[in-house]
Amino acid sequence: MSRLLESYAAGSWYSAPDEGRALLDASTGEEVARISSTGLDLAAMVDHARGVGGPAVRALTFHQRAGLLKSLAKHLGSDKDELYALSARTGATLRDSQVDIDGGIGTVFSYASKGARELPNDTIVLDGGTEQLGKTGVFLGQHLYTSRPGVAVQINAFNFPVWGMLEKLAPAFLAGLPTIVKPASDGAYLTEAVVRRIIDSGILPEGSLQLLCGSPEGLLDQLGAQDSVAFTGSAATGATLRQHPSVLHGGVQLGIEADSLNCSILGPDVATDDPEFDLFVKGVVAEMTVKAGQKCTAIRRAIVPSGIADAVVEAISARLATITVGNPTAEGVRMGALASLGQRDEVRKAVQALRGSAEIVFGDPDAVDVVGGDASTGAFISPILLRARAGATEPHDVEAFGPVSTVLTYDSLDEAIALAAKGQGSLAGSLVTHDPEVARTVTIGLAPWHGRILVLDRDDAPESTGHGSPLPVLVHGGPGRAGGGEELGGIRGVLHHMQRSAIQASPDMLTAITGRWTKGSAQLVDDVHPFRKSLAELTIGDTIRSASRTITLDDIGHFAEFTGDTFYAHTDPEAAAANPLFGGIVAHGYLVVSIAAGLFVEPNPGPVLANFGVDDLRFLTPVKAGDTIDVTLTVKQISPRNSADYGEVRWDAVVTNAEGQPVATYDVLTLVAKTLAS
Ligand code: NDP
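Residues numbered from 1 in each chain as written. Predicted model: local features only at pLDDT ≥ 70, side-chain atom pairs only at ≥ 80, totals over all residues.

S.K.: Would you mind going over the sheet that holds strand 16 (residues 404-410) with me for this structure?
M.R.: What holds strands together in a sheet is hydrogen bonding between their backbones, with the strands either parallel or antiparallel. Taken in spatial order, the seven strands of this open sheet run 14-15-16-13-12-17-18, and their pairing is mixed. Two strands lie at the open edges of the sheet, namely strand 14 (358-362) and strand 18 (450-456), each paired on one side alone. Direction aside, the axes of adjacent strands within the sheet are offset by 25° on average. With four bridges joining them, strand 12 (residues 263-266) and strand 17 (residues 426-432) adopt parallel strand pairing. By the bridge assignment, isoleucine 265 is partnered in strand 17 with leucine 431. (Pairing = 2+ DSSP bridges. Helix = DSSP H or I, 4+ residues; strand = E, 2+ residues; numbered from the N terminus. Axes fitted to C-alpha atoms, helices over the stretch in contact; angles between N-to-C directions.)

Pasting the structure below:
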């Protein structure tokens, strides 16, 4: 008998006392492992996540969490042969395995990098600026995101045992949540191997990742209002989870990614000898055959102009004829097996249903030539292309989760958009066109029904990642039938796991709560110029109030000549007088900002290493010759960098004229040494 998979629960590996259910090699039918969760203490797992994992993750800043994710991705990226070998047993070719394993690791890298670059070195995230809620500015509002003291449960589909886990784990971990992973039983031996590597590495804090191999029955009963479930799988299971009392009445947040009848539309502008024709055909064939079509984003409906449909069918069929089906470990195999014989039965049933309104034009659900395997013991099936009859309904309803696609035809763009919408909401759609008008019309028509849309033509094709690849930086999920959930999308995917609250308070209280200086709160002026202070010595609110300087006509003329910016408003008195906003010569905005820098700078070598930019620069009041300005610079935010001897300091800058009107406002961004050089 093969090995029983273990769960990682409450700090140790758990082996069920019974024999469990056999998990079979998708190509050979041999037993790979057994699975059971009998006797697993699910309540203890949830307690461990909430009591041990969560506090440990939340004690880290976003940058520290990002650093751990980077270490984890590097660790998983070394020596993947064992993982590829296990992946082959799920029916995956090497290319399929790379999508799953390397794609998953790449997603963790991407989140590590985004977390370090786009999140603060803090444990909360501010959302937008302050809102003044009263007349004088003593009562303000600020939105912020905090980590939930709950657990993120993920229930995954069989098709991506590694990517499915890592693409959910990385954003949840960054958000400060511990995760319990429940992989689909088919292929769970691969997920278990990866979790074992993660746990053995000791990189993630204890309790931040647990694994449940086998049935999750009873798990949702343990969850409450601070917990979330991210589910990927069938619409039927999704519907069951939606009805669970913990979801209906207990406040558990449920994200669903389920069946999706994704489409690809060929634009009416494309002729058979255009590069876009080939791109369309290749795209459909790739989506049908990668992972043997077991991809939630695969193209199920190819929507093409009726005049070109014969040529499309012929070209797709010709390409499909070159696909060798078989055991993924055999030489020359381009498409492996489905996940199980049960899945093959499901696909055959779905093809039968599709035949209610479509003809098979390529392939046979019951017969396939197999290389290095046997269709009686392995879950092999040939690619199957169907062509829909007019008014077909099944292609918009039936998801054949395998190498199956249906060609549908349209006579107008409106009809193409309407056909796409009949899928009732999809994860991904694509449009292959070289016509900008078609691109705009179809994209805007499709967008409300889709989570992601690829517009493919000869220009972006060289770098295109294809119709079916979810990317960590782009939203993955779709409306309606696709589940209504949203994952990934860069930092959006992190914020989905966090709670946004509106905080109402005085400026001083907001500064204390957010760790970021709020306009109107205390400003600290002392004898030491803040540019003489190291990061360790600077305090939020440290302020310089500069001396003042009067801007002369000579200053303006000199700046114009020196920089070459001789725009009439700075150089031509008559033309400037006719300008309705200025009514005469005004100083360049950049002159004002440059003079302000001269007013606030402390010129000697010191802890300030560089100025790396300004944010939110606005010129509010024109400065004329004879106007006197000064500048106030206040430390707004201090962000030490984990892996450097310096950190970032954001300064609030306000340039004011003699009447006290703000002339320019902006944030100055500097790099400051952590300690003073001795
Ligand atoms: P399921 O919905 O049956 O399984 C998905 C996950 O849910 C698995 O981890 C499964 O565990 C778990 N699960 C099953 N029942 C429950 C339950 N009552 N409570 C909690 N968790 C549960 O889908 P399959 O993976 O079996 O695939 C079936 C069909 O779903 C496919 O043929 C395809 O049509 C569709 N599908 C769609 C996907 C998409 O993203 N669009 C992805 C995958 C599948 P276990 O494996 O242990 O049963």
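S.K.: Explanation requested: the environment of serine 501 in the structure shown.
M.R.: By secondary structure assignment, the location of serine 501 is in strand 21 (residues 498-505). Serine 501 sits 355 residues away from threonine 146 along the chain, and the two C-alpha atoms are 8.0 Å apart. If we skip the residues at most four places from it in the chain, serine 501 touches Leu144 and Thr146. (Contact = placed C-beta atoms within 7 Å.)

S.K.: What's the story with the site of the ligand in this structure? I'm lost.
M.R.: Around the ligand, the structure places 23 residues, and the nearest of them are Ala157, Gly233, Ser234, Thr237 and Cys296. The set of elements that each furnish at least two residues to the shell around the ligand consists of helix 7 (235-242) and helix 11 (341-354). Partitioning the shell around the ligand into residue classes produces eight nonpolar, 10 polar and five charged. Three or more residues apiece are contributed to the shell around the ligand by two domains, here domain 1 (8-125 + 145-259) and domain 2 (262-471). (Near = placed C-beta within 6 Å. Nonpolar A, V, L, I, M, F, W, Y, C, P; charged D, E, K, R; others polar. Domains from an automatic or database assignment.)

S.K.: Would you take a moment to explain the UniProt feature "domain: Aldehyde dehydrogenase" (unreviewed entry) in the chain for this structure?
M.R.: Within the UniProt annotation, "domain: Aldehyde dehydrogenase" (unreviewed entry) is assigned to residues 21-442. Across residues 21-442, helical content stands at 38% and strand content at 19%; the span's end C-alpha atoms are separated by 48 Å. (UniProt positions renumbered as here; feature names shortened; annotations may be inferred.)

S.K.: What am I meant to see in the nonpolar core here?
M.R.: Side chains that are nonpolar tend, in soluble globular proteins, to be buried together. If you look at the biggest cluster of nonpolar residues, it comprises 141 residues, and the most contacted ones within it are Leu69, Val108, Leu174, Val229 and Ile303. At eight residues, helix 5 (residues 163-174) tops the list of elements feeding residues into this core. In terms of domain composition, this core takes at least three residues from each of domain 1 (8-125 + 145-259) and domain 2 (262-471). Other than its neighbours up to four places away in sequence, leucine 69 contacts Val108, Tyr111, Ala112, Gly115, Ala170, Phe173 and Leu174. (Core = buried A, V, L, I, M, F, W, Y, C linked by C-beta atoms within 7 Å. Buried ≥ 20, exposed ≤ 12 C-beta atoms within 10 Å, placed from the backbone.)

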